[in-house]
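# Structure at a glance
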Amino acid sequence: TDGQTTAVGQATVVLSNGSSSRTLQTSDDPGDPLGVFFFSDVTQGTYTLSASLPGSVQQVKLIEVNSLTPTILDIGNVALGAQASATGTVAVFEEGINPTQEVQVQRSVLVRLFAPEQFPQGQAIANFTTDQVTGRWAFQALEATTYIVAVYESDNSDSPLVSRTITLKPGKENDLGELEVTVR
């Protein structure tokens, strides 16, 4: 993270003693403190507690439960790193009066994120309308896997103007750089 601690809901937490494990999600219920989790009826032994979010690096703590362990053991915070993200910009050009001449314009376009098996006709995972001036786009909190990023002229467009494959690494912001598209 950026040095700040922020509680998160829906992180996966696993408590394991090597032969059995229990899995739960951290709280995102408005009635509970965000990010809280509890395991009850934990027998004596040595455990690993692992926590993760999609696209983040898994964190692991060693926990010892014995006859001296308090009924409610506060293990403190489990600090998860940043989640994977994909960012970039789109430079939009229009054909000029002379078809060989293109002029860069300030215009929004639609960037869609796909699982490879869903591209180009399937359901997009997410959509992002670029900033009209900067052309920036961003997809946050992603699984660390391979995606297709595709640029469309508008929400009504069926065919991408350009597409790229991107493989995200856990906990990293992956900048695809600038994509150039020409609209008519």
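As a reminder, the structure under discussion sits directly above these lines.
This section reports on the structure supplied with the text. All of these numbers come straight from a predicted model, not from anything done at the bench. (Residues numbered from 1 in each chain as written. Predicted model: local features only at pLDDT ≥ 70, side-chain atom pairs only at ≥ 80, totals over all residues. Heavy atoms only, no water.)

### Observations concerning the overall build of the chain
- For the chain, the helix and strand inventory stands at 0 helices and 12 strands.
- Against the globule reference of 16 Å for 184 residues, the chain gives a C-alpha radius of gyration of 23 Å, more extended than a compact globule.
- Projected onto its principal axes, the C-alpha positions of the chain cover 85 × 30 × 25 Å.
- Long-range contacts, defined as pairs at least 24 residues apart, comprise 53% of the intrachain contacts of the chain with a sequence gap of at least 6.
- Surface summary for the chain: the accessible area is close to 11,300 Å², and the carbon and sulfur share equals 47%.
- A gap of 5 Å separates the mean positions of the 9 positive and 20 negative side-chain charges of the chain. (Helix = DSSP H or I, 4+ residues; strand = E, 2+ residues; numbered from the N terminus. Rg over C-alpha atoms; globule rule 2.2 N^0.38 Å. Contact = heavy atoms within 4.5 Å. Areas by Shrake-Rupley, 256 points an atom, 1.4 Å probe, with all protein chains shown as cover. Lys, Arg positive; Asp, Glu negative; His and termini not counted. Charge placed at Lys NZ, Arg CZ, Asp CG, Glu CD.)

### Focus: the sheet that holds strand β4 (residues 59-65)
- Read from one edge of the open sheet, 4 strands run β2-β1-β3-β4, paired in antiparallel fashion. Of all the strands in the sheet, the pair left with one neighbour each is β2 (21-25) and β4. Sheet twist, expressed as the average angle between the axes of neighbouring strands with direction ignored, equals 20°. (Pairing = 2+ DSSP bridges. Axes fitted to C-alpha atoms, helices over the stretch in contact; angles between N-to-C directions.)

### Details of the pairing of β4
- In the sheet, strand β3 (residues 45-52) pairs with β4 via 7 bridges, with the strands oriented antiparallel. Note that in β4 the partner of Tyr47 across the bridge is Ile63.
- Between β3 and the antiparallel strand that follows it, β4, lie 6 residues; Gly55 among them carries a positive phi value of about 80°.

### Quick notes on the nonpolar core
- Of all hydrophobic cores here, the largest spans 19 residues; its most connected members are Val90, Val111, Trp137, Leu142, Val151 and Leu168.
- Of all the secondary structure elements, the ones that give two or more residues to this core are β5 (84-95), β7 (110-114), β9 (136-142), β10 (146-152), β11 (162-167) and β12 (173-183).
- Contacts of Val90, omitting those with residues within four sequence positions, involve Val109, Val111, Thr130, Gly135, Trp137, Val151, Leu179 and Val181.
- Counting 11 residues, the second-largest nonpolar core is a separate cluster that includes Leu15, Ala51, Leu53 and Val65. (Core = buried A, V, L, I, M, F, W, Y, C linked by side-chain atoms within 4.5 Å. Buried < 20%, exposed > 50% of the residue type's maximum accessible area, 1.4 Å probe, protein only.)

### Looking at the pattern of salt bridges
- Tallying each qualifying case throughout the model produces 2 salt bridges.
- When the shortest N-O distance is used, the salt bridge between Glu153 and Arg107 registers 3.1 Å. Within this pair, whereas Glu153 is found in the loop between β10 and β11, its partner Arg107 is found in the loop between β6 (102-105) and β7, the two being separated by 46 residues in sequence.
- Classification of Glu153 as partly exposed rests on a relative accessible area of 27%.
- The exposure class of Arg107 is partly exposed, given its relative accessible area of 24%. (Salt bridge = Lys/Arg side-chain N within 4 Å of Asp/Glu carboxyl O.)

### Concerning the packing of aromatic side chains
- Evaluation of the coordinates by the stated rule reveals 5 aromatic pairs.
- Ring geometry for Phe128 versus Phe139: centroids 6.2 Å apart, planes at 75°, classification edge-to-face. A residue pair is termed long-range when its members are at least 10 positions apart, and Phe128 in strand β8 (residues 126-129) and Phe139 in strand β9 qualify at 11 residues.
- With 5.6 Å between their ring centres and 50° between their planes, Trp137 and Phe139 make a pair best called tilted. The two residues Trp137 and Phe139 agree in class, both being buried.
- Ring pairs connect the aromatic residues Phe114, Phe119 and Tyr152, which therefore count as one cluster.
- Directly above the aromatic system of Tyr152 lies the positively charged group of Arg112, at a separation of 4.3 Å from the ring centroid. (Phe/Tyr/Trp six-rings, centres within 6.5 Å; stacked < 30°, edge-to-face > 60°. Lys NZ or Arg CZ within 6 Å of the ring centre and 35° of its normal.)

### A closer look at the side chain of Ser56
- For Ser56, the position within the fold is in the loop between β3 and β4.
- Here the side chain of Ser56 touches Leu53 through a polar contact of 2.9 Å, landing on its backbone oxygen.
- Apart from residues no more than four positions distant in its own chain, Ser56 is found in contact with Gly81, Ala82, Gln83, Pro170 and Gly171. (Polar contact = N/O pair within 3.5 Å; in protein donor to acceptor, adjacent residues only side chain to side chain.)

Shape is all these values report; function is a separate question.
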